[in-house]
Amino acid sequence: MLDLAKSRWHPIAAAHDLPLRHVFHGQLLGREFAVWRADDGYVNIWENRCLHRGVRLSIGINDGRELKCQYHGWRYSNRTAGCTYIPAHPADAPARTITNRTFAATERYGLVWSAEEPQGEVPEVAGLAEGRLLALRGIPVNAPADVVAARLKGYRFQPSGRIDGSAAKVAVEAASTFSVVLRSSEADATTLAVFFVQPVDSNRSVIRGVLDGQVEGAARLAVLRHHNELLSRLRLAVEAEAAREPAPAPLEPVIERVSPELAEMPEESKHGRKATIRVEVARKWPAADGIAGFELRPIKGLLPTFQPGAHIDVHLPNGLIRQYSITNGPGESDSYVIGVKLERDSKGGSTCLHETVREGDVLAISEPRNNFPLRRDAVKTIFIAGGIGITPLLAMAQALNNQNLVHELHYFAQNEAQLAFPEKTSTLGASLKPHLGLSPDQTGAKLREILSGYGPDKHVYLCGPGPMLEAARHIAAEMGWPETAVHFEYFKNTNVIDDSTSFEVALARSCMTLTVPAGKTILEVMRDAGIDMPSSCEQGACGTCLATVIEGEPDHQDVYLNDAERKSGTKIMTCVSRAKSARLVLDL
């Protein structure tokens, strides 16, 4: 019986078990669940263990957008259950495979339902009208579900309108392995009661009752007390009966490490830049003067978990590929929101999105990548955004704001009309500090003011036009900020690339030596040789194609590495950088 139960919907909690910011410990068929409602109303049902040390997530902290494990502070996103932050590795974005197992969830009859392998819909009960129901307190019983259901057929109770009476007639209107429908009548009062039996384990169950009709005030308390007393007596009788029988072996659920979907390698496109996700443009709107906002919803399933600072590749109808940062706040995982500035010197990317792409269109996108991760262990975090550079920093500021961590978001723009996503920035309160209409000299003075007074464990994040970033990095160095505390992301590489040299590249782990001729990049030559190297922008700005240098001197032509990383000579961006020496040895 319990083998077939895996494909049936069962109640796992009552709606009143999920108050604001609470995590409920649910159980079904030998498995434990962490059940919690996010602030957007979505009900999450997850395997009840943190993927780090197996600590129960039901004792974790629900902040309305993410669930935080109490042990080492790992955070998991609403809807996807993907890990968004690991305190022990604050400078790294968690791998996508760090995703908890999720289970189906639906609400009906004032109860929360789930199943391991659900088939069909939650069972229909004639006479139960949604919104006009009273859910009783769950009664745990140490007895098998079929024994409990059989005993419930003999349950006798008063209708809600005659709770003080004693002559009610109770009829069984329907019964199955896991439910019993009873109707109690006395005089002109009648109440329909449906009792669902939740199979917790082979020898444990929970009775979850629902009554038709709404009862308020003192009458409601009287009805709840009436059923609590009667069901408690029934529990004693059922447990006494079950104790006389041999106890069945407990169920042993299978713990899955990684879902098959996460374990599969996506197909590689001919240019090595993967677009494995199809999304619909659910909404397009003017996010600011010259900036269009796009809400991208998945055609099927859930979107992969992202962390603040992540970007996606968007494959456009005209064949171009462009990178855009995800602006979502924590827990907003049912869609991706991006902002696209219409560039005056557009090569077709921003023009296509502004003028061609419409609501309802389907686009191909990559999984999120994060080469600009946010640390959450700083004493104070300063964000400095210029124009469209607000997009990755907006996601970061919302994350820190949700955790009540100290931060400031300095937003430089020409005028108020160019401040993007006001619906998001308005939630940041006093931490948002706009700076409008400043000249280059005034901008430099303001940056000097913002970056004065460096202290230990402070971090600054920069994103915007290249000249502004160069100025901010130079001022930060003058003010005593170490390079490890200054994080930046360029949207494009404006350097003139010199690809006139030829050199050898040895791939140590692949036991292969390749010649990189003039006019071709290391990345292109490796792909021609069958080496799959991930990439995104392919202009030395995003950091996706980073490789470790074992031997040789790189000729850095990117805008991703900082000065210390360049001087160390241990890293290279294979999409644009080359070799000053005759030979490079890479850890690939």
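Above this text sits the structure in question.
Since we're looking at a predicted model, the values are computed, not measured.

Peer 1: Sorry if this is basic, but what is going on with unusual backbone geometry here?
Peer 2: As a rule of thumb, non-glycine residues mostly have phi less than zero, and peptide bonds are mostly trans rather than cis. Even without a glycine there, the phi angle at Leu 29 is positive, about 50°. Within the fold, Leu 29 resides in the loop between β2 (23-28) and β3 (31-37). Under the relative-accessibility criterion, Leu 29 is labelled buried at 5%.

Peer 1: Explanation requested: a positive patch on the surface in the structure shown.
Peer 2: On the surface, a cluster of positive charge is made up of Lys 341, Arg 344, Lys 347 and Lys 492. The class of Lys 492 is partly exposed, set by a relative accessible area of 42%.

Peer 1: What should I look at first to understand the pairing of β2 in this one?
Peer 2: Moving residue by residue along a regular strand, the side chains alternate between the two faces of the sheet. Bridge count for β2 against β3 is 6 bridges, and the pairing is antiparallel. Within β3, the residue paired with Gly 26 across the bridge is Phe 33. Hairpin connection, β2 to β3: the antiparallel pair is bridged by 2 residues, and Leu 29 has positive phi, about 50°.

Peer 1: What is the right way to read the packing of aromatic side chains from this model?
Peer 2: How two aromatic rings sit relative to each other is set out by the distance from centre to centre and by the angle between their planes. This structure, assessed with the given rule, holds 13 aromatic pairs. The interplanar angle of 85° and the centroid separation of 5.3 Å between the aromatic rings of Trp 36 and Trp 46 together place this pair among those described as edge-to-face. Placement of the pair is Trp 36 in strand β3 and Trp 46 in strand β4 (residues 43-47), with a sequence separation of 10 residues. Here the aromatic residues Trp 36, Trp 46 and Tyr 76 are joined through ring pairs into a cluster of three or more. The positively charged end of Arg 283 is found above the aromatic ring belonging to Trp 285, 3.7 Å away from the centroid.

Peer 1: Explain the nonpolar core to me, please; I cannot follow it from the model alone.
Peer 2: In terms of nonpolar packing, the biggest core is built from 41 residues, with Leu 152, Tyr 155, Phe 195 and Ile 207 touching the most fellow members. At 6 residues, the largest contribution of residues to this core is made by helix α3 (residues 217-243). Sequence-distant contacts of Tyr 155, that is, excluding residues within four places in its chain, are made with Val 170, Leu 182, Phe 195, His 227, Leu 230, Leu 231 and Leu 234. In this structure, Phe 383, Ile 390, Ala 420 and Cys 463 belong to the second largest nonpolar core, which totals 26 residues.

Peer 1: Got a minute to help me understand the side chain of Ser 114 in this structure?
Peer 2: Inspection of the secondary structure assignment puts Ser 114 in strand β10 (residues 111-114). Within the local environment of Ser 114, its side chain forms a polar contact with the backbone oxygen of Ala 104, the two atoms lying 2.6 Å apart. When residues no more than four places from it in sequence are discounted, the contact partners of Ser 114 are Arg 8, Trp 9, His 10, Ile 12, Leu 28, Ile 45, Phe 103 and Ala 104.

Peer 1: Could you clarify how one ought to interpret the sheet that holds strand β18 (residues 291-298) in this entry?
Peer 2: Within a beta sheet, neighbouring strands are joined by backbone hydrogen bonds and run either parallel or antiparallel to one another. Across the sheet, which stays open at both edges, the 6 strands sit in the order β20-β19-β22-β17-β18-β21 with antiparallel pairing between neighbours. Among the strands making up the open sheet, the edge pair consists of β20 (321-325) and β21 (336-341). On average, adjacent strands in this sheet sit at an angle of 40° to one another, irrespective of strand direction. When strand β17 (residues 277-288) meets β18, the two strands line up antiparallel, connected through 8 bridges. Opposite Arg 283, over in β18, you have Glu 295 as the bridge partner.

Peer 1: What should I look at first to understand the pattern of salt bridges in this one?
Peer 2: Pairing between side chains of opposite charge can happen when their charged atoms approach one another. By the definition in use, this model includes 34 salt bridges. The closest approach of N and O atoms between Arg 75 and Asp 63, which form a salt bridge, is 2.4 Å. In this pair, Arg 75 sits in strand β7 (residues 75-77) while Asp 63 sits in the loop between β5 (61-62) and β6 (66-68), placing the two residues 12 residues apart along the sequence. Both residues of the pair, Arg 75 and Asp 63, belong to the buried class. Between Glu 538 and Arg 527 there is a salt bridge; the shortest N-O distance is 3.2 Å.

Peer 1: It is not clear to me how the environment of Leu 447 should be interpreted in this structure. Could you clarify?
Peer 2: Checked against the element boundaries, Leu 447 lands in helix α8 (residues 440-450). In this structure, the C-alpha to C-alpha distance between Leu 447 and His 16, residues 431 residues apart in sequence, is 51 Å.

Peer 1: How should α3 be read in this particular structure?
Peer 2: Between its first and last C-alpha atoms α3 spans 39 Å; for 27 residues at 1.5 Å apiece the expected length is 39 Å, and the two agree. Among all positions in α3, only Val 223, His 226, His 227, Leu 230, Leu 231, Ser 232, Leu 234, Val 238 and Ala 242 are buried.

What counts as what
The residue numbers shown here count from 1 along each chain, following its written sequence. Totals for whole chains, interfaces and linings use all residues, but because this is a predicted model, local features are given only for residues with pLDDT of at least 70 and pairs of side-chain atoms are given and counted only at 80 or more. For the side-chain quantities, the full set of heavy atoms in the structure was used; hydrogens and water were omitted. A run of H or I in DSSP becomes a helix once it reaches four residues, and a run of E becomes a strand once it reaches two; helices and strands are each numbered from the N terminus. Here's how the labels work: a residue is buried when its accessible area is under 20% of the maximum for its type, exposed when over 50%, partly exposed in between, all with a 1.4 Å probe on protein chains only. Within this analysis, patches are made of residues with over 30% relative accessible area and no salt bridge. Like charges are joined at 9 Å or less; nonpolar side chains (Val, Leu, Ile, Met, Phe, Trp, Tyr) at 5 Å or less. Every accessible area reported is derived by Shrake-Rupley at a probe size of 1.4 Å, with residue values counting cover from the shown protein chains alone. Should a side-chain nitrogen of Lys or Arg be within 4 Å of a carboxyl oxygen of Asp or Glu, the pair is scored as a salt bridge. Positive charges come from Lys and Arg, negative ones from Asp and Glu, while His and the chain ends are left out of the count. Where a charge lies is defined by one atom per residue type: Lys uses NZ, Arg uses CZ, Asp uses CG and Glu uses CD. For two strands to pair, DSSP has to find at least two bridges joining them. Two rings from Phe, Tyr or Trp (for Trp, the six-membered ring) form a pair when their centres sit within 6.5 Å of each other. Planes less than 30 degrees apart are called stacked, planes more than 60 degrees apart edge-to-face, and all others tilted. In this scheme, Lys NZ or Arg CZ marks a charge over a ring once it lies within 6 Å of the ring centre and within 35 degrees of the ring normal. Here, nonpolar core refers to any group of buried Ala, Val, Leu, Ile, Met, Phe, Trp, Tyr and Cys residues whose side-chain atoms link them within 4.5 Å. Any two residues whose heavy atoms approach within 4.5 Å are treated as being in contact. In protein, a polar contact means a hydrogen-donor-capable atom and an acceptor-capable atom, both N or O and within 3.5 Å, with residues adjacent in sequence counting only if both atoms are side-chain atoms; elsewhere, any N or O pair within 3.5 Å suffices. Axes, fitted as lines to C-alpha atoms, cover a helix only where it is in contact. Angles between the N-to-C directions of the axes lie from 0 to 180 degrees. For a helix, the expected span equals 1.5 Å multiplied by the residue count minus one.

The values are spatial; any link to function lies outside them.
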